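Here's the letter readout for the chains.
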Amino acid sequence: IQAKRRLDYQPPHFFISTVDLSVKLEDPKTQVKSQLKVIRNGEHRHPLVLDGEELPLIDIKINANSVTRYEQTPTSLTLENVPDEFYLEIYTEIDPASNSSLEGLYKTENAYCTQCEAEGFRKITYFIDRPDVLSEYSVTIYADQKAYPYLLSNGNKVDSGKLEDGRHWVKWHDPFKKPCYLFALVAGDFDLLEDHFKTVSGRKILLQLFVDKGKAKRGKHALTSLKKSMQWDEEVFDLEYDLDIYMVVAVDFFNMGAMENKGLNVFNSKFVLADSESATDEDFFNIESVIAHEYFHNWTGNRVTCRDWFQLSLKEGLTVFRDQQFSADMSSRVVNRIKNVKVIREHQFAEDASAMSHPIRPDEVIEMNNFYTVTVYDKGAEVIRMLHTLLGQQGFKNGIDLYFKRHDGQAVTCDDFVSAMQDANQVDLSQFKLWYSQSGTPVVSVKERFDDATGEYILEFQQINAPTADQQQKQNLHIPIRLEFMCNGEKPSAELFELKQGSQTLTKSGFTEKPTVALLADFSAPVKLEFDYTVDALLKIALQSQDGFSRWDAGQKLFSEYLHGKTPAGSTFKVSLRDIDNLINGIFNDKQADTDWALLAEMLTLPNIETLAQQVSRYYVVELNKARKELESHIANTFSANFLLIYSESAQSGYKYTATQVNKRKIRNLCLHYLAKTDIGDKLVSEQFSASSNMTDSLGALKAAQSALLPCFERLMSEFEQKWADDPLVLDKWFALHASSEIPDILARLDLLLSHKQFNHDNPNRVRSVIGTFAFYNPTGFHAIDGSGYKYIADYLLKLDARNPQVAARIVTPLSQWKKMDEARAELMKHQLTRLLAQPNLSKDLYEKVSKSLS
Ligand code: BAL
Ligand code: ZN
């Protein structure tokens, strides 16, 4: 299996200016006829090579004449000596019902739909399947009218008609040129919700949301979110929607979260459907954020797209940054920042520490689907955020304006993006650009000195860019570091320090006493910080900093050091239980009005075990988990009166998805989480569960019961199961809670879940809720010392890989992160990886991840 390299990029030999597709949907044979206008790019004699995966070819014509001389392989179709400009007609037949990979055109329980990013279009028809080939599409869809009343594709509906045999057809035309990965087709019977959005220039856009029959009520929040997104992008980035119609379809079988196809987004129903009874506040939040993300792609991704897939972060990093800014504006900036940073520290740092380490713009790829990663997406967004920090909002906006002025309608590179930022601001970003090419998590190590006599305070910074699995040589990066200086009795002062060299000093003078410094405020760069904080300094930052993020971060540091001190990993400095008590006392005394409930909840939450694992070179899973549980129990019992008081103060009736209500539910469920670990736990949790009429509080009760191993857990879980027996999307929460339970017979429990009547091995949401949750979020079960957890996952992946390689390759991630484990576990994990690698016909997806993790 061959890797593709970024530096091997060559422009395409041919362009395709127009595509006229006709798709006749039928089982088992769907006919796909495509007429392409092909134009040679420059002067050369290369053959036309089209991509196609396992496509039965029925006929092929050039300028209406059948072609007999061509070369067909399982992945390509080659035509020699073609004219410089011609019409190519290709007729293939495919079987969407048997396509379990959910890539290309596939059939779900009651609808046909497509997923073409990254390279799925080649499973529908032969094409030059790369993002720098932009074409104007016309699409005609034929299907049975009764079963498939809605036939949808990109752009505007231009014609439709009925046929005699109960079938009908609809023709679509998309006036915007696009790469084939943005093509979409959907056919089905849905409930339709409609609304309108009036753009800043006064155009009226029709918004349509298609959901499963009977689910219309659950679609309202998504539609509202869409309108908010459209308005925000006009207000913040001057970006207006371009077509007259915007459609969103929710489907149950979907590999990703959602897909930004031009004018026709396809969504995993999990990111569309919500009402208070069936969805949590977190679901509501995620829907708003994913709807925004896909909408924002219309400019950052669709109007300006990627030249090649190595540039994926061009659109994803930027669009994640935009959706994060949007979410921050819709709710709390600091709580959103904490949420983003948790993802980086928990998942992205882990990826960097693994064999899959790669820069946000990768250099080598075997299977592109493996690079839709936290590095490309979330670290990519951090890189954009650093640009925003360095250039300021206006400078950043000027860069964006220039980017669209230069590149609208083009397929471009990350370099083009940085050039626009650079030219619009007349700054030199050449060193900054290394963030695109260099992988790994930089360590910024800082030492402080204070001269009593002169009042000078000196910070010595050092950046350490250690080799990673994919790159031995590293260079110094341009790292923006926000700092806050705190002195007794004075207003804290903040500043931005730009670390560019290996070692660099910052000298401040005029202090009458040694200041307390909070480093990396707002997590201004995706780095790990090393600094010999004292416990007192951390307590001061946690309780007095002006910056909510720094307060939270200092508290997390105290919790983390305390916990590592309880394991053989040890800690860099001693934090005692008294220090923890002082911290929590301080947090409670500091509690302010309503708006701070969410931050208070964050401050009182211990770092999760996955994040803790990334802070040390060896992950002592059992010891760390035990220490974490004991600390939670200590906090719960020491501060039970405080928790109980807030628990009752934050009670509320009714449900609305508003910031005030959400924040109250958040703190209240956090209190319940701790109170569950006290002697009133079982009673309180049962009461909340019975009284709750919304999913946030019901799930809060179940999670509290699970975490505290309460006797009521099993009973409440079976009540929940009965109530939601016919709602698989809700049952996913139930599946996941069981799969993450730290019970001795967990594998038997998993077997039961897999044989549940609502479980479906072909539905990625179900598979992720059981198998994914166990592998990622059941530390003691997955890492059982006899290796049974690893074997269970490997056994499942061996079966899953044949059906859905993309999902299999995601779930193998925890197994591939064996390097942090003790020798015994590492060996057991490698043994399972070796078993996987020995499997004949292993997918490219799994092969790439497994082989890298073993090399
Ligand atoms: N482009 C794939 C899905 C997303 O990032 O929006
Ligand atoms: Zn995206």
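Residues numbered from 1 in each chain as written. Chains lettered and ligands numbered in written order. Predicted model: local features only at pLDDT ≥ 70, side-chain atom pairs only at ≥ 80, totals over all residues. Heavy atoms only, no water.

Asks: Honestly, the overall build of the protein chain in this entry has me stumped. Any pointers?
Replies: Helices and strands together make up the secondary structure of the protein chain, namely 27 helices and 31 strands. Taken over the C-alpha trace, the protein chain has a radius of gyration of 28 Å; the compact-globule value for 855 residues is 29 Å, and the two agree within 12%. For the protein chain, with 855 residues in total, the buried portion stands at 61%. Of the contacts formed within the protein chain by residues at least 6 apart in sequence, a portion of 70% connects residues at least 24 apart. Accessible area for the protein chain stands at about 33200 Å²; split by element, carbon and sulfur atoms hold 48% of it. (Helix = DSSP H or I, 4+ residues; strand = E, 2+ residues; numbered from the N terminus. Rg over C-alpha atoms; globule rule 2.2 N^0.38 Å. Buried < 20%, exposed > 50% of the residue type's maximum accessible area, 1.4 Å probe, protein only. Contact = heavy atoms within 4.5 Å. Areas by Shrake-Rupley, 256 points an atom, 1.4 Å probe, with all protein chains shown as cover.)

Asks: Please explain the environment of glycine 565 as it appears in this structure.
Replies: Tracing the backbone through its elements, the reader meets glycine 565 in helix α9 (residues 548-565). For glycine 565, a relative accessible area of 31% puts it in the partly exposed group. Separated by 44 residues in sequence, glycine 565 and alanine 521 place their C-alpha atoms 25 Å apart.

Asks: Help me out: how do you make sense of the domain arrangement of the protein chain in this one?
Replies: When the parts of a complex come together, some accessible area is lost, and that lost area is often taken as the interface size. One can read the domain layout of the protein chain as domain 1 (14-189), domain 2 (199-204 + 211-298), domain 3 (305-437) and domain 4 (724-855). For domain 1 and domain 2, the distance between their C-alpha centroids amounts to 26 Å. Taken residue by residue, the interface counts 27 residues in domain 1 and 19 residues in domain 2. Roughly 1900 Å² is buried in total at the junction of domain 1 and domain 2, and carbon and sulfur atoms are behind 64% of that figure. Its largest share of buried area at the contact with domain 2, domain 1 owes to Leu102, Gln115 and Phe176, together 23% of the area lost on that side. (Domains from an automatic or database assignment. Buried area = accessible area lost by both parts, 1.4 Å probe.)

Asks: Hey, could you run me through the pattern of salt bridges in this one?
Replies: If charged atoms from side chains of opposite charge come close, those side chains can pair. A full pass over the atoms with the stated rule returns 62 salt bridges. For lysine 397, the salt bridge is made with aspartate 238, and the minimal N-O distance between the two is 2.8 Å. Residue lysine 397 is found in helix α5 (residues 374-407), and its partner aspartate 238 is found in the loop between α1 (220-237) and β19 (245-251); the two are separated by 159 residues along the sequence. A single salt-bridge network, built from bridges that share partners, covers Lys4, Asp51, Glu119, Arg122 and Asp129. (Salt bridge = Lys/Arg side-chain N within 4 Å of Asp/Glu carboxyl O.)

Asks: Quick question: what am I supposed to make of the sheet that holds strand β27 (residues 479-486) here?
Replies: Read from one edge of the open sheet, three strands run β28-β27-β30, paired in antiparallel fashion. The open sheet has two edge strands, β28 (493-499) and β30 (516-519), and neither has a second partner. Geometrically, the sheet is characterised by an average inter-axis angle of 30 degrees between neighbouring strands, direction not taken into account. Examined bridge by bridge, β27 and β30 share four bridges and lie antiparallel to one another. Bridge pairing in β30 places glutamate 484 opposite alanine 518. Strands in contact with α5 are β27 and β28; relative to β27, the strand with the most contacts, it is inclined by about 60 degrees. (Pairing = 2+ DSSP bridges. Axes fitted to C-alpha atoms, helices over the stretch in contact; angles between N-to-C directions.)

Asks: What should I look at first to understand α5 in this one?
Replies: Because an α-helix packs 3.6 residues into every turn, residues spaced three or four apart end up facing the same way. A rise of 1.5 Å per residue sets the reference length of α5, with its 34 residues, at 50 Å; its end C-alpha atoms lie only 26 Å apart and thus fall more than 12% short of the reference. The principal kink in α5, of about 115 degrees, is found at glycine 392. Burial analysis of α5 places 27 of its 34 residues in the buried class, the great majority of the element. A positive backbone phi angle near 85 degrees is found at glycine 409, which sits one or two residues after α5. (Expected span 1.5 Å × (residues − 1). Bend = angle between axes of the 7 residues up to and from the residue.)

Asks: What should I look at first to understand the coordination of the zinc ion (ligand 2) in this one?
Replies: In an ideal octahedron of six donors the angles at the metal are 90 or 180 degrees, and in an ideal tetrahedron of four donors they are 109.5 degrees. The coordination sphere of the zinc ion (ligand 2), as far as protein atoms go, consists of His293 (NE2), His297 (NE2) and Glu316 (OE), spread over 1.9 to 2.0 Å. Mapping the donors of the zinc ion (ligand 2) onto the primary sequence gives the spacing H-x3-H-x18-E. Placement of the pair is histidine 293 in helix α2 (residues 281-296) and glutamate 316 in helix α3 (residues 312-330), with a sequence separation of 23 residues. (Donors = N, O, S within 2.8 Å, 3.2 Å for Na, K, Ca; no water.)

Asks: Just checking my understanding: could you explain the sheet that holds strand β25 (residues 443-451) for this structure?
Replies: Each strand in a sheet pairs with its neighbour through backbone hydrogen bonds, running either in the same direction (parallel) or in the opposite one (antiparallel). Spatially, the four strands line up as an open sheet ordered β29-β26-β25-β31, and their pairing is mixed. What marks the edges here is a single partner per strand, and that holds for β29 (503-508) and β31 (528-531). Geometrically, the sheet is characterised by an average inter-axis angle of 20 degrees between neighbouring strands, direction not taken into account.

Asks: What exactly am I supposed to notice about the pairing of strand β16 (residues 185-188) here?
Replies: The side chains of a regular strand alternate, first on one face of the sheet and then on the other. Both faces of β16 are covered, namely the face carrying Leu185 and Ala187 and the face carrying Val186 and Gly188. Here four bridges tie strand β13 (residues 150-153) to β16, and the two strands are oriented antiparallel to one another. Bridge pairing links leucine 151 to alanine 187 in β16.

Asks: Where do I start with the nonpolar core in this structure?
Replies: Nonpolar side chains tend to gather and get buried jointly when the protein is soluble and globular. Counting 278 residues, the largest nonpolar core has Leu88, Phe417, Leu459 and Phe461 as its most contacted members. Considering every element that reaches this core, the biggest residue donor is α5, with 14 residues. Look past the residues within four positions of leucine 88 in its chain and what remains in contact with it is Ser34, Gln35, Leu36, Val38, Leu48, Leu50, Ile60, Lys61, Ile62 and Leu79. (Core = buried A, V, L, I, M, F, W, Y, C linked by side-chain atoms within 4.5 Å.)

Asks: Any chance you could explain the packing of aromatic side chains here in plain terms?
Replies: In total, this model carries 43 aromatic pairs according to the counting rule given. Aromatic side chains tyrosine 457 and phenylalanine 511 sit 6.1 Å apart centroid to centroid with 80 degrees between the ring planes, which places their arrangement in the edge-to-face category. Of the two residues, tyrosine 457 sits in strand β26 (residues 456-464) while phenylalanine 511 sits in the loop between β29 and β30, which places them 54 residues apart along the sequence. Judged by its relative accessible area of 0%, tyrosine 457 falls in the buried class. For phenylalanine 511, a relative accessible area of 17% puts it in the buried group. Over the aromatic face of tyrosine 647 sits the side chain of arginine 668, whose NZ or CZ is 3.9 Å from the ring centroid. It is lysine 830 that lies over the ring of tryptophan 818; its NZ or CZ is 4.4 Å from the centre. (Phe/Tyr/Trp six-rings, centres within 6.5 Å; stacked < 30°, edge-to-face > 60°. Lys NZ or Arg CZ within 6 Å of the ring centre and 35° of its normal.)

Asks: Is there a simple way to explain the site of ligand 1 in this structure?
Replies: Close to ligand 1 lie Glu117, Met256, Ala258, Met259, Glu260, His293, Glu294, His297, Lys315, Glu316 and Tyr377, which account for all nearby residues. In this structure, glutamate 260 approaches ligand 1 through a side-chain N or O atom, which is 2.7 Å from a nitrogen atom. Between ligand 1 and the protein, one listed contact pairs an oxygen atom with a side-chain N or O atom of histidine 293 at 3.2 Å. Protein contact buries 96% of the 220 Å² of open area that ligand 1 shows by itself. When contributions to the shell around ligand 1 are tallied by element, the ones reaching two or more residues are β20 (258-259), α2 and α3. (Near = heavy atom within 4 Å. Polar contact = N/O pair within 3.5 Å; in protein donor to acceptor, adjacent residues only side chain to side chain.)

Asks: Can you walk me through the environment of leucine 7 in this structure?
Replies: With respect to the helices, strands and loops of the structure, leucine 7 is situated in the loop between β1 (4-5) and β2 (14-24). Of the residues examined, leucine 7 reaches a relative accessible area of 71% and is grouped as exposed. Sequence separation of leucine 7 and proline 83 is 76 residues, and the distance between their C-alpha atoms is 30 Å.

Asks: Help me understand the side chain of arginine 385 in this model?
Replies: By the secondary structure assignment, arginine 385 is in helix α5. Every residue in contact with arginine 385, bar those within four places of it in the chain, is listed here: Phe321, Gln324, Gln325, Arg337 and Asn340.

Asks: Looking at this structure, how should I read unusual backbone geometry?
Replies: For residues besides glycine, phi is generally negative; the peptide bonds are generally trans as well. The peptide bond linking aspartate 27 to proline 28 adopts the cis configuration, its omega dihedral lying at -5 degrees. Among the secondary structure elements, proline 28 is positioned in the loop between β2 and β3 (30-40). For the bond from glutamate 117 to alanine 118, the omega torsion is 0 degrees, close enough to zero to count as cis. As for its placement among the helices and strands, alanine 118 is situated in the loop between β11 (111-115) and β12 (135-144). Here aspartate 238, not a glycine, exhibits a phi torsion of approximately 55 degrees, which is positive.

Asks: Would you take a moment to explain helix α15 (residues 659-675) for this structure?
Replies: Helix length check: α15 (17 residues) gives 24 Å between terminal C-alpha atoms against 24 Å at 1.5 Å per residue, within 8%. Judged by how many residues are buried, α15 sits mostly within the fold: 13 of 17 residues are covered.

Asks: What is the right way to read the pairing of β27 from this model?
Replies: Here β27 lies mainly inside the structure; seven of its eight residues are buried. Two successive antiparallel strands, β27 and β28, enclose a turn made up of six residues, where glycine 489 displays a positive phi of approximately 75 degrees.

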